[in-house]
Number of protein chains: 2
Amino acid sequence: MPDTTAAFIQHDHSACQSKALAYVTEQCAAKGLRLTEARRRVLEILLESHTALGAYDVLQRLNTEGYSAQPPIAYRALDFLVEHGFAHKVERISAFVACHFPGQCHAPAFLICRSCRTVAESRSARQVNPLQADAQAMKFSIEDTNVEAEGLCQSCQSEQGA
Amino acid sequence: MPDTTAAFIQHDHSACQSKALAYVTEQCAAKGLRLTEARRRVLEILLESHTALGAYDVLQRLNTEGYSAQPPIAYRALDFLVEHGFAHKVERISAFVACHFPGQCHAPAFLICRSCRTVAESRSARQVNPLQADAQAMKFSIEDTNVEAEGLCQSCQSEQGA
DNA sequence: AATCGATATGTTATCTTATAACAATATCGA
DNA sequence: TCGATATTGTTATAAGATAACATATCGATT
């Protein structure tokens, strides 16, 4: 599965984390964006796994770490990360994942397991926007795209699915 | 724009409506599905335009027609329509539109105007699922797909957009 | 170093979207 | 007509998201 993140297979996840965190840190420095405490913590929380987290999941994590926070704290940090392509919102499940192809993401595409909520980002699917042709024909200007497929990952199929 | 619904151009909308309603009626009869009063009314409301409606918009319409209803009434009818492919949920805006290619829809694709909320369903984009290859490679079984692009339609661009 | 504008955070309250739970009713085949 | 199944009615509440405004921080400029 060369064109997809390792979400559904065993891999060295600490490499995923450190690579993404380093990239974001570097990008923020380069572009004059402020990777504040709250934003960095939220990114780190998202990077802990390939599971999509709801805004309130993130919030709860912040709170259990002694960072007493209300919903806007989480949403603002998530909005920042999404706005700059460091994270994505998975619309179908109203949840967020860290971006695993930072810097290359224009139209992310996801495989979402409805059982374990693991989300794999597809590199190949992201290359082509299937709506582009129609959009041009009707002079519709696309600003943002989401391509999402929900189903069962191999491991959850084995367990008969949920 | 041959491969897209007429959502963003002038057209005989009453033909859209009657065609879709006739098709759904026929399909329900053929498959033994019950197109009850509530379900038919909700479909008719969605068919009135190519604008996506939230569940609570639909609910309000039902109520102004003297059909006193609570949220589950609207959600159940919408769920029925979506489940059988007679309507779609537009995830990005948590709203619903009637299907304009009934019977051919496996992976609908939408162009969503963020200003007027008009939604055009693309036929061509629907043919190919860009995630299929990756899904097969990692033995992920896709059950449902959504492809959505948000932006500005031509007419809202002219008005400088919102 | 003090000031100022811009950006980010803290906090309260509220809004929107969606569903759980259970009782009551309608439908359809045996 | 009975009984199983599907649908509706109703109340309550869960889950997701944002408006509004006060406070604090950052970073450039004097």
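Up top is the structure.
Residues numbered from 1 in each chain as written. Chains lettered and ligands numbered in written order. Predicted model: local features only at pLDDT ≥ 70, side-chain atom pairs only at ≥ 80, totals over all residues. Heavy atoms only, no water.

1. A word on the overall build of chain A
At step 1: Regarding its fold elements, chain A presents 7 helices and 5 strands.
At step 2: Reading chain A from its N end, one meets helices and strands in the order α-α-α-α-β-β-β-β-α-α-β-α.
At step 3: For 162 residues, the compact-globule estimate of 2.2 N^0.38 gives 15 Å, and the C-alpha radius of gyration of chain A, at 16 Å, lies within 12% of that figure.
At step 4: If one aligns the C-alpha atoms of chain A with their principal axes, the spans along those axes are about 50 × 45 × 30 Å.
At step 5: The buried share among the 162 residues of chain A stands at 48%.
At step 6: Sequence-distant contacts, at least 24 apart, represent 56% of the contacts inside chain A between residues at least 6 apart.
At step 7: In the form shown here, chain A has an accessible surface area of approximately 7,800 Å², with 48% of it arising from carbon and sulfur atoms. (Helix = DSSP H or I, 4+ residues; strand = E, 2+ residues; numbered from the N terminus. Rg over C-alpha atoms; globule rule 2.2 N^0.38 Å. Buried < 20%, exposed > 50% of the residue type's maximum accessible area, 1.4 Å probe, protein only. Contact = heavy atoms within 4.5 Å. Areas by Shrake-Rupley, 256 points an atom, 1.4 Å probe, with all protein chains shown as cover.)

2. Focus: the protein's contact with DNA strand D
At step 1: In the vicinity of DNA strand D there are 16 residues, among which Tyr56(A), Tyr75(A), Lys89(A), Thr36(B) and Arg76(B) approach most closely.
At step 2: If you look at DNA strand D and keep only atoms within 4 Å of the protein, 51% of those are sugar or phosphate atoms.
At step 3: Here Thr36(B) contributes a side-chain N or O atom positioned 2.6 Å from a phosphate oxygen of DNA strand D.
At step 4: The separation between a phosphate oxygen of DNA strand D and a polar side-chain atom of Arg39(B) is 3.0 Å.
At step 5: When residues of the surface near DNA strand D are traced back to their parent elements, those giving at least two are helix H4 (71–83) of chain A together with helix H4 (71–83) of chain B.
At step 6: A total of 4 residues in the surface near DNA strand D trace back to one element, the largest contributor, which is H4(A).
At step 7: A per-class count over the surface near DNA strand D returns 7 nonpolar, 3 polar and 6 charged. (Near = heavy atom within 4 Å. Polar contact = N/O pair within 3.5 Å; in protein donor to acceptor, adjacent residues only side chain to side chain. Nonpolar A, V, L, I, M, F, W, Y, C, P; charged D, E, K, R; others polar.)

3. Thoughts on unusual backbone geometry
Residue and element names in this part refer to chain A.
At step 1: If you check the backbone angles, arginine 117 has positive phi at about 60° while not being a glycine.
At step 2: As for its position among the elements, arginine 117 is in the loop between strand S3 (109–113) and strand S4 (119–121).
At step 3: Judged by relative accessible area, arginine 117 falls into the partly exposed class, the value being 31%.

4. With respect to the interface of chain B and chain A
At step 1: The interface of chain B with chain A comprises 40 residues on the first partner and 40 residues on the second.
At step 2: Counting each side, the surface lost to burial between chain B and chain A is near 3,500 Å², with a carbon and sulfur contribution of 56%.
At step 3: When the area that chain B buries against chain A is broken down by residue, the three leading residues are Leu131(B), Met138(B) and Phe140(B), summing to 20%.
At step 4: Applying the counting rule to chain B against chain A returns 4 salt bridges.
At step 5: Put simply, Arg92(A) and Asp144(B) hold a salt bridge, and the shortest N to O gap is 2.9 Å. (Buried area = accessible area lost by both parts, 1.4 Å probe. Salt bridge = Lys/Arg side-chain N within 4 Å of Asp/Glu carboxyl O.)

5. A short note on the relation of the copies chain B and chain A
At step 1: Least-squares fitting of chain B to chain A yields an RMSD of 0.0 Å, with the transformation described by 0.0 Å of translation along the axis and a rotation of 180°. Between the two chains, the operation in question is that of a two-fold axis. Nearest to the rotation axis, the C-alpha of Val147(B) is located 2.2 Å from it, this being the minimum over chain B.
At step 2: Looking at the interface residues of chain B, 100% of them are also at the interface in chain A, so both copies use one shared face. (Least-squares fit on C-alpha atoms with pLDDT ≥ 70 in both.)

6. So, the protein's contact with DNA strand C
At step 1: Around DNA strand C, a shell composed of 17 residues is seen, among which Thr36(A), Arg76(A), Tyr56(B), Tyr75(B) and Lys89(B) lie nearest.
At step 2: In this structure, Arg39(A) approaches DNA strand C through a side-chain N or O atom, which is 3.1 Å from a phosphate oxygen.
At step 3: The separation between a sugar or linking oxygen of DNA strand C and a polar side-chain atom of Arg34(B) is 3.5 Å.
At step 4: When contributions to the surface near DNA strand C are tallied by element, the ones reaching two or more residues are helix H2 (37–47) and H4 of chain A together with H4 of chain B.
At step 5: Taken together, the residues of the surface near DNA strand C sort by class into 8 nonpolar, 3 polar and 6 charged.

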